[in-house]
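Remarks on the overall topology
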Amino acid sequence: MDKIIGKLSDDAVMSCSRLPAIMGVSGFSTPNDELRKSIASLDARAKNLPEPKRAAAGEAADWGNKMENEILRATAERLQCSIDYQITERVQHDELPLQGSLDGILEGDGRVIEHDPSAGIYIVGADSITLDGPGIAEAKLTGVMPLDEPAPYRGPWQCQGLIMCTGYKWSAIGTLYRGTELRIYLMAADPVMQSKIRADVLDFAERLAVFERDGVADWYPALTPNDAQETFRVVEDDLPAVELDQEESDLVMDLIAARQAKSAAQKLINSAQTQIMDRMGLHPTAMAKDENGEVFAEVSWGMSAARKAYAVEAKPPKRAGTLKIKELDR
């Protein structure tokens, strides 16, 4: 049985698999999550403590790891290339603080591969690609419906970073969709994407340098309320009130108006639901008709699923996920 090679890169340094997150295109992690991860690693080393444990990736990622070599083998077979997928050393960019772990290396033979969806081969951003020398091989597994272009967080940015680290000219992302369909996305080196990677990696490195020099984090702008909540986890009650500028104050007015609209909409929802429920009584369904007597909707009012009683565990206080606004008399 082939050995499964895990992640080889260093959490204190930006890695290619983390690039989508610092660019804000990952659905699983934010730039601040990645900065926090690297800061924790640097802080542990400075204090001679063990490296922080990596968060569990979940069952889907576990299956992806188990299926990785099979996906790589099938990708190489379809492309008619030999492949080495027992890579035990990480790759490092010559200039940038950027590392990567290769799933595999395909041996290109100079053939030109055409875009051919009927064969499950998709050329990203072109009609054809030359398998010029060794190429990056990445294996992905997902439960979503097949796509004609890979999601930006499912290989493209990672592969462009790996191309930068290795000097290779092309990459192949073998993606197994829903366990039944393998699509292979071939990509050449993209100067525009690589320019973006360079800028973002240098920015990330500078934020880490601020922490190492000053002991404070230079956070990215939060992407969501949850991101802000995780980034600024506690309140320092002795700090003065923040004086918002006009643009920020306008956002407060927008927030007040949006909450008022939401409250009004919820009242309408509650009123309509109550009247319809009262009309339905013990009936499980009702049919709604338009002014012409045509049925346009079926309304269902069923039973909720039963659940067992359980005790709620105690939780320490945490930063609230929403803002409270008290309107003042003017």
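Each chain carries its own residue numbering, running from 1 in the direction its sequence is written. Only residues with pLDDT of at least 70 are given local features in this predicted model, and only at 80 or more are side-chain atom pairs given and counted; all residues enter the totals for whole chains, interfaces and linings. Each side-chain value is worked out from all heavy atoms of the structure, with water and hydrogens disregarded.

Description of unusual backbone geometry
Although it is not a glycine, Gln-80 adopts a positive phi angle of roughly 60 degrees. Secondary structure elements are taken from DSSP: a helix is a run of H or I of four residues or more, a strand is a run of E of two residues or more, and numbering for both begins at the N terminus. Mapping Gln-80 onto the fold places it in the loop between helix 3 (59-79) and strand 2 (82-84). Phi at Arg-178 takes a positive value of approximately 55 degrees, unusual for a residue other than glycine. You can see Arg-178 is positioned in the loop between strand 10 (170-177) and strand 11 (181-188).

A word on the sheet that holds strand 4 (residues 98-100)
Read from one edge of the open sheet, three strands run 1-4-3, paired in mixed fashion. With partners counted over all chains shown, the strands left at the sheet margins are strand 1 (14-15) and strand 3 (91-92), one partner each. By this definition, two strands are paired if DSSP reports at least two bridges between them.

Observations regarding the pairing of strand 12 (residues 285-289)
Along a regular strand, successive side chains alternate from one face of the sheet to the other. Examined bridge by bridge, strand 12 and strand 13 (residues 295-300) share five bridges and lie antiparallel to one another. Across the sheet, the residue bridging to Ala-288 is Ala-297, located in strand 13. Adjacent in sequence and paired antiparallel, strand 12 and strand 13 are bridged by five residues, among which Gly-293 carries a positive phi angle near 85 degrees.

Some remarks on the packing of aromatic side chains
Aromatic pairs are defined between Phe, Tyr and Trp rings, using the six-membered ring for Trp, whenever the two ring centres lie within 6.5 Å; interplanar angles under 30 degrees are classed as stacked, those over 60 as edge-to-face, and all others as tilted. Under the criterion given, the structure shown has two aromatic pairs. Ring geometry for Phe-28 versus Tyr-153: centroids 5.7 Å apart, planes at 85 degrees, classification edge-to-face. You can see Phe-28 sitting in the loop between helix 1 (19-22) and helix 2 (31-46) and its partner Tyr-153 sitting in the loop between strand 9 (134-142) and helix 4 (156-166), a full 125 residues away along the chain. Throughout, exposure labels follow a simple rule: accessible area from a 1.4 Å probe, protein chains only, divided by the maximum for the residue type, with under 20% read as buried, over 50% as exposed, and the rest as partly exposed. Owing to a relative accessible area of 71%, Phe-28 belongs among the exposed residues under this scheme. Between the aromatic rings of Tyr-122 and Tyr-185, the centroid separation amounts to 5.7 Å while the plane-to-plane angle is 40 degrees, which identifies the pairing as tilted.

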